[in-house]
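# What the coordinates show
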Amino acid sequence: MAHFDQPLRLRSGAELPAFDIAYETYGTLNAARSNAVLVCHALNASHHVAGFYDSDPGNIGWWDNLVGPGKPLDTRRFFVVGSNYIGSCFGSTGPAGGDDRFAAAIRSGKRTSAIIRRAPI
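My aim in this report is to walk through the structure given alongside it, one point at a time.

Conventions used here
- Residues numbered from 1 in each chain as written.
- Predicted model: local features only at pLDDT ≥ 70, side-chain atom pairs only at ≥ 80, totals over all residues.
- Heavy atoms only, no water.
- Helix = DSSP H or I, 4+ residues; strand = E, 2+ residues; numbered from the N terminus.
- Buried < 20%, exposed > 50% of the residue type's maximum accessible area, 1.4 Å probe, protein only.
- Contact = heavy atoms within 4.5 Å.
- Areas by Shrake-Rupley, 256 points an atom, 1.4 Å probe, with all protein chains shown as cover.
- Salt bridge = Lys/Arg side-chain N within 4 Å of Asp/Glu carboxyl O.
- Phe/Tyr/Trp six-rings, centres within 6.5 Å; stacked < 30°, edge-to-face > 60°.
- Pairing = 2+ DSSP bridges.
- Axes fitted to C-alpha atoms, helices over the stretch in contact; angles between N-to-C directions.

So, about the overall build of the chain. Summing up its helical and strand segments, the chain has 1 helix and 7 strands in all. Start at the N end of the chain and walk to the C end: the helices and strands fall as β-β-β-β-β-β-β-α. The buried share among the 121 residues of the chain stands at 41%. Residue pairs in contact within the chain that sit at least 24 positions apart in sequence constitute 55% of those at least 6 positions apart. Accessible surface, the chain as shown: approximately 6900 Å² in total, 53% of it carbon and sulfur.

Turning to its location among the elements, threonine 75 is positioned in the loop between strand 6 (36-40) and strand 7 (79-83). Assessed through its relative accessible area of 17%, threonine 75 is described here as buried. When residues no more than four places from it in sequence are discounted, the contact partners of threonine 75 are Tyr26, Gly27, Thr28, Val67, Gly68, Pro69 and Val80.

Before going further, it helps to spend a moment on the pattern of salt bridges. Counting across every chain of the model gives 3 salt bridges. Residue arginine 9 is joined to glutamate 15 by a salt bridge in which the shortest nitrogen-to-oxygen separation is 3.3 Å. Of the residues examined, arginine 9 reaches a relative accessible area of 49% and is grouped as partly exposed. Note on glutamate 15: relative accessible area 36%, which makes it partly exposed. Between arginine 76 and aspartate 74 there is a salt bridge; the shortest N-O distance is 2.7 Å.

Considering all chains together, one arrives at 2 aromatic pairs under this definition. With a centroid separation of 5.0 Å and 15° between ring planes, the pair formed by phenylalanine 4 and phenylalanine 19 is classed as stacked. Taken together, the residues span a long stretch of sequence, with phenylalanine 4 in strand 1 (residues 2-4) and phenylalanine 19 in strand 4 (residues 19-21) at a distance of 15 residues. Of the two residues, phenylalanine 4 and phenylalanine 19, both sit in the buried class.

Strand order in this open sheet of 3 strands is 5-7-6, and the pairing throughout is mixed. In the strand order of this sheet, the two ends are held by strand 5 (23-26) and strand 6, each with one partner. Adjacent strand axes in the sheet meet at a mean angle of 20° when their direction is disregarded. The pairing of strand 6 with strand 7 spans 5 bridges and is classified as parallel. Residue pairing for strand 7: valine 37 is matched across the bridge by valine 80.

Take a look at the structure:
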């Protein structure tokens, strides 16, 4: 989970004073920080891109066939970041927390990708 303390103005004009973005990483970021790949979902999934959780082995990542050793996004070569969106119900700041300012926040993943690049990964 990446936490951001700076305000984020939404398209609606509302402002979030702070927010969280859920993410998972796979592989290792190289010293030059040049092997990162950001994988965004189609607004119907979570940031869980590949593998499964020990506590929930049936919850297989939605791109599990594409991310991992020997797969197209080979984690021996790439550092893969699966990011969630603001407004999601999968851990990022969203309406489940009782805030109704999120209708405009999920229109574009472009803002989330710009934000996640600043995350302390």
